[in-house]
Amino acid sequence: MKLEQVTIFLALSFLVASTLVTAMRWLQSALFTPYADTSLFYAGILLLTLAIVFYWNHE
Amino acid sequence: MLPKVFAAIIYLVAVCYFALMIAASIFVWSLIFTGNVYISAPTNIDGIPFPQPNNETLITENLAHSDIVIHQPVFAKQLNLTVDFIPRRTASLSVGIRQNQFWLSYQPVTFYKNETGRDITDPQTASITIDLTDKLAAADQSLDLMFFTDNNDPLKALDENNQTALWTLRNINAHIKTTQPTILPTIRFLRGILLRERAV
C-alpha cells in the first residue's frame, strides 16, 4: 500500500470519527470533551492535505 | 465489476471500523483521568455569591450551589469531597450532586449532625464520597453541587420562611477517582444518553 493510500485511509477514518463524535455530542454532549469533534475534524483535514501532497510528489 | 464494488464496500467498512475505534479510544482515554477538579465559589440558588470574609464563605441560606468542572464523562467516576467548615448552630449539613433535568433533583448525603444545639466554632473536616455515573453533567462537563442546611429534603430546604442557615465554609476540595460502576447507575447513564437528558 502506498503512503498516500494509507494517509487517505486515515484521513477518511478521522473525518468519519469526527462525524461520529459530533453525533454523540448531539445525543449527549457530556460524553465527549467539547473540542473532541473539532480536533478530529482538523486532524482529518490535515491528513487529507498530506495525502494530496504525497500523491503530488509521487506523480 | 463485482469484485471492485465488493472491495469498495470492504474499504468503507474498514474506514468506519477504524473511525469507531478512534472515537471509542477518545472516550476510553477520558475515563481513566483522575485528580483534583475545579469547584466554583458557592452561590445561593439565584446565583448571588455568599459573603467571603477572611477568604471563608459565610453560608446564609439553606441551599448553597457550586459548579464542579470535571472535563470528563461521569461514567465510572467517583467524587471525593473534603469539606473544611465551621458548623455554628446548624443541626445538619448535607451535600448532593444533581441527578436529572429537574433543577432540585438531589439525593443529599449528610456529613454533619449536631443535636445539642450548641454553637460550635471549632473547624471541622468531613469527607464525602459520591458516585457520579448516574449524575447529570452539563454540556461543558460540569456538575451541579448543592449544600443543604438543617434539612435533608431539598423541597423543605427551599422553604423561604425557614432560611435559618449560618455556617462557614472554610475550604472545599473536589477529587475525581475511577470506580467500577454498578448496574443500576449504568442503566441510568445509558438511559440519560438515549433520552438526551440535558441540564437546563
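Predicted model, so just to flag it, every value in this text is computed and none were measured.

Enquirer: How do you make sense of the overall build of chain A when you look at a structure like this?
Expert: Per the secondary structure count, chain A includes two helices and zero strands. Against the 2.2 N^0.38 benchmark of 10 Å for 59 residues, chain A shows a C-alpha radius of gyration of 14 Å, more extended than a compact globule. Its C-alpha atoms put chain A at 45 × 15 × 10 Å along the principal axes. Considering only intrachain contacts with a sequence separation of at least 6, the fraction spanning at least 24 residues in chain A is 62%.

Enquirer: Is there a simple way to explain the domain arrangement of chain B in this structure?
Expert: The accessible area lost on association of the parts is a frequent measure of interface size. We note that the domain assignment places domain 1 (1–31) and domain 2 (34–194) within chain B. For domain 1 of chain B versus domain 2 of chain B, the separation of C-alpha centres amounts to 43 Å.

Enquirer: Even after reading the chapter, I still don't get the packing of helix α1 (residues 3–27) of chain A against helix α2 (residues 36–58) of chain A, so can you show me in this structure?
Expert: Helix-helix packing is described using two parameters, namely the angle between the two axes and the distance between the axes. Residue and element names in this part refer to chain A. At a closest axis distance of 8 Å, the pairing of α1 and α2 adopts a crossing angle of 165°. Comparing their axes, α2 and α1 come out roughly antiparallel. Our pair here, α1 against α2, has a crossing hand that is left-handed. Its residues assigned to classes, the contact of α1 with α2 comprises 18 nonpolar, five polar and three charged.

About the cut-offs
Residues numbered from 1 in each chain as written. Chains lettered and ligands numbered in written order. Predicted model: local features only at pLDDT ≥ 70, side-chain atom pairs only at ≥ 80, totals over all residues. Helix = DSSP H or I, 4+ residues; strand = E, 2+ residues; numbered from the N terminus. Rg over C-alpha atoms; globule rule 2.2 N^0.38 Å. Contact = placed C-beta atoms within 7 Å. Domains from an automatic or database assignment. Axes fitted to C-alpha atoms, helices over the stretch in contact; angles between N-to-C directions. Parallel < 35°, antiparallel > 145°, perpendicular 65-115°, else oblique. Left-handed = near helix turned anticlockwise from the far one by under 90°. Nonpolar A, V, L, I, M, F, W, Y, C, P; charged D, E, K, R; others polar.

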